[in-house]
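Coordinates in review
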Amino acid sequence: MANKYLSGKHLGLVIFAGAILLILITFGISSFFFNNKELQRETVGEIGAREADPAVWGQYYPLTYQTYLENFENTEKPSHFETKPYMQKIYAGLGFAVEFNEPRGHVYTLEDIRAIAPQRYKTGAACNTCKSSQIPEIIDKYGDQYYLMDFKEINDQLEHPIACLDCHDPKTMELTITRPALIEAYARQGKDIKKATRQEMRSLVCAQCHVTYYFEKDTKKVTFPWDKGVKADEILAYYDEDGFVEWTHPDSGTPLIKARHAEYETFMGSTHQTAGLACADCHMPYQKMGNTKVTSHNWTSPLNNIEESCMVCHREGSDWLKSRVEDTQQKTKETQDRAGNTVVKAIDEIKIARATPGVNAELLQQADETLRKGFWYLDYVMVTNGYGFHNPTDTMNNLGKAIDYAHQAIQFAKDAR
């Protein structure tokens, strides 16, 4: 008859097998958490509250710093005029018409601004605001007088480009806002930026610089025109209400306003943003470095990290995803070119009309007003990175408005003669 109790030999085997299983489970759990942990400090010490040198931060976060250094691989800075020749005509009267190159990224901010045509410096010290991690301390030092100072007077004090201190509190590593213009823009809308969620902050730290802005007439302060909202038509309404003019086009004589890289504004309301994503989800994906999970600080196109950036959510395959992005960007470029050439034609027609004796002043004014709008909607898209992919719907809508207003300007100018 079989013994209902295990023999000592069998019991020993069960205990041994159980011990092995327990070790494997423990190892598996430990390995999972180790491989998926956030990067921790690897040396003892404190980062100074005003430490602007990314290399010092790199002593505490060597793997993250390693990804930051990868930004130096982006050495090319081709001229926008190579692919968008109409820009020179459109920007006549501005330093942008003399030289306007594709950006190389955060680590080159100081090197590149020191190499541009001197005509671009006329705004003064404020041009340095998004070029160095030392700027917050300098603004604290000089106060609002900073914005009125000479470009070189401030630039000569700068040693480090955009770096860790621009977005992180050195003691807690929490995301933080360091540029006054964003804080003030929030406040004017009745919002407290300190109440932003962590996910919102993962876009807002980018919104310190990747936005459109202007320099106030008397104070020269960097100001975000968001009081009526962050979309192109709302910003235009803000400018129109104040009668703001940045410069008068030397050919057409039309008073115009200049858009800057409105990445954040364009992203807002997009498919990805309304789904809960932030800028960092696509441009700073997690990556594995050895046994450590690191947030990449190599700011680049998601197409360069499509597995980590896109395929976390999308399962259609990298080739399909890449083709979708490229299709959107190609169509955007084609429509943008059409809008650019139409705006150039409007400038030429208004120039002819303005020089015509007995020109109808009322119709000429309408030509100026519609060109101002057409130029704004074109420029809003033209200077924003991503070729429409940050928000394809808004982008195509703005380009459609640009073409429509430019055609109206052409007709008004012809009728005025």
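Labelled according to an unreviewed UniProt entry, the protein appears under the name nitrite reductase (cytochrome; ammonia-forming), originating from Dehalobacterium formicoaceticum. What UniProt states about the protein under its Subcellular location (unreviewed entry) heading is, verbatim, "Cell envelope". Under the Catalytic activity (unreviewed entry) heading, UniProt states for the protein: "6 Fe(III)-[cytochrome c] + NH4(+) + 2 H2O = 6 Fe(II)-[cytochrome c] + nitrite + 8 H(+)".

1. Digging into the packing of aromatic side chains
Overall, the coordinates contain 20 aromatic pairs when judged by the stated rule. Taken together through their ring pairs, the aromatic side chains of Tyr 214, Tyr 238, Tyr 239, Phe 244, Trp 376 and Tyr 380 make up a single cluster. Between Lys 191 and the ring centre of Tyr 186, over which it is positioned, the NZ or CZ distance is 4.5 Å. Positioned above the aromatic ring of Tyr 286, the side-chain terminus of Lys 293 is 4.1 Å from the ring centre.

2. Digging into the pattern of salt bridges
For the coordinates displayed, the defined rule picks out 22 salt bridges. Between Arg 372 and Asp 240 there is a salt bridge, with the nearest N and O atoms lying 3.0 Å from each other. Pair noted here: Arg 372 is in helix 16 (residues 361-382) and Asp 240 is in helix 10 (residues 232-242), with a separation of 132 residues, a long-range link. Connected via shared salt-bridge partners are Lys 77, Arg 104, Glu 111 and Asp 112.

3. Observations concerning the nonpolar core
With 77 residues, the main nonpolar core has Ile 90, Tyr 91, Leu 182, Leu 204, Phe 224, Trp 226 and Trp 376 as its most contacted residues. Here this core gets ten residues from one element, more than from any other, and that element is helix 16. Those residues in contact with Tyr 91, other than ones at most four positions away along the chain, are Phe 96, Ala 97, Phe 100, Trp 247, Lys 258, Phe 375, Asp 379, Met 382 and Val 383.

4. Quick look at the confidence of the model for the protein
Scored by pLDDT, the protein comes out at a mean of 91, with 89% of its residues at no less than 70. Taken together, the stretch residues 1-6 has pLDDT below 50 and engages in two contacts with residues farther than four places along the chain or on a different chain. Below pLDDT 50 for its whole length, residues 30-44 participates in 30 contacts with residues either more than four positions away or in separate chains.

5. What to know about the state of the cysteines
Going through the model one piece at a time under the given rule, you end up with one disulfide. Free of any disulfide, Cys 282 has its nearest neighbouring cysteine sulfur in Cys 310, separated by 6.4 Å.

6. Side note on the packing of helix 10 against helix 16
If you want to describe how two helices pack, look at the angle between their axes and the distance between the axes. Put simply, helix 10 and helix 16 touch, their axes get as near as 11 Å, and they point 135° apart. Between helix 10 and helix 16, the interaxial angle falls into the category oblique. For helix 10 against helix 16, the interelement crossing comes out right-handed. Counting all contacts with helix 10, which are made through Ala 232, Asp 233, Ile 235, Leu 236, Tyr 239 and Asp 240, the residues of helix 16 involved are Arg 372, Lys 373, Trp 376, Tyr 377 and Tyr 380. Of the residues assigned to the contact of helix 10 with helix 16, the class counts are seven nonpolar, no polar and four charged.

7. Section: the side chain of Arg 260
Checked against the element boundaries, Arg 260 lands in the loop between strand 4 (255-256) and helix 11 (263-267). We classify Arg 260 as buried; its relative accessible area is 8%. Among the polar contacts listed, one links the side chain of Arg 260 to the side chain of Glu 246, at a separation of 2.7 Å. In this view, Arg 260 contacts Val 211, Thr 212, Tyr 213, Tyr 214, Phe 215, Glu 246, Val 383 and Thr 384; residues no more than four positions away in its chain are not counted.

8. With respect to the environment of Asp 348
Mapped onto the elements of the fold, Asp 348 is located in helix 15 (residues 318-354). Sequence separation between Asp 348 and Lys 89 is 259 residues, and the spatial gap between their C-alpha atoms is 9.7 Å.

What counts and how
- Chains are numbered independently. Their residues run from 1 in the order of the written sequence.
- Local features in this predicted model are restricted to residues whose pLDDT is 70 or higher, and side-chain atom pairs enter the listing and the counts only when it is 80 or higher, whereas totals over whole chains, interfaces and linings include all residues.
- Side-chain measures were taken over the full set of non-hydrogen atoms in the model, leaving aside hydrogen atoms and water.
- UniProt positions are given in the numbering used here, feature names are shortened, and annotations may be inferred rather than shown by experiment.
- Ring pairs shown here join Phe, Tyr and Trp side chains whose ring centres sit within 6.5 Å, with only the six-membered ring taken for Trp; geometry is labelled stacked below 30 degrees between planes, edge-to-face above 60, and tilted in between.
- Two conditions define a charge sitting above a ring: the NZ of Lys or the CZ of Arg must be within 6 Å of the ring centre, and it must be within 35 degrees of the ring normal.
- Basic side-chain nitrogens of Lys or Arg form a salt bridge, by our definition, when they fall within 4 Å of a carboxyl oxygen of Asp or Glu.
- Put simply, DSSP marks the helices as runs of H or I at least four residues long and the strands as runs of E at least two long, and each gets a number from the N terminus on.
- Working definition of a nonpolar core: buried Ala, Val, Leu, Ile, Met, Phe, Trp, Tyr and Cys residues. They are joined through side-chain atoms within 4.5 Å.
- The buried label goes to any residue with under 20% of its type's maximum accessible area, the exposed label to any with over 50%, and the partly exposed label to all in between, with areas taken from a 1.4 Å probe on protein chains only.
- The contact definition used throughout considers only heavy atoms, calling two residues in contact when any of these lie within 4.5 Å.
- Known as pLDDT, the predictor's per-residue confidence is scaled from 0 to 100.
- Any two cysteine sulfur atoms lying within 2.5 Å of each other are counted as a disulfide.
- Angles here are taken between N-to-C directions and fall from 0 to 180 degrees, while the axes themselves are lines fitted to C-alpha atoms, restricted in helices to the stretch in contact.
- Here the angle decides the label: under 35 degrees means roughly parallel, over 145 means roughly antiparallel, 65 to 115 means roughly perpendicular, and every other value means oblique.
- Left-handed describes a crossing whose near helix is turned anticlockwise from the far helix by less than a right angle; the clockwise case is right-handed.
- Residues are grouped as follows: Ala, Val, Leu, Ile, Met, Phe, Trp, Tyr, Cys and Pro are nonpolar; Asp, Glu, Lys and Arg are charged; all remaining types, including Gly, are polar.
- The term polar contact refers here to a pair of N or O atoms within 3.5 Å; inside protein, the definition further demands a hydrogen-donor-capable atom paired with an acceptor-capable atom, and it admits residues adjacent in sequence only when both atoms are side-chain atoms.

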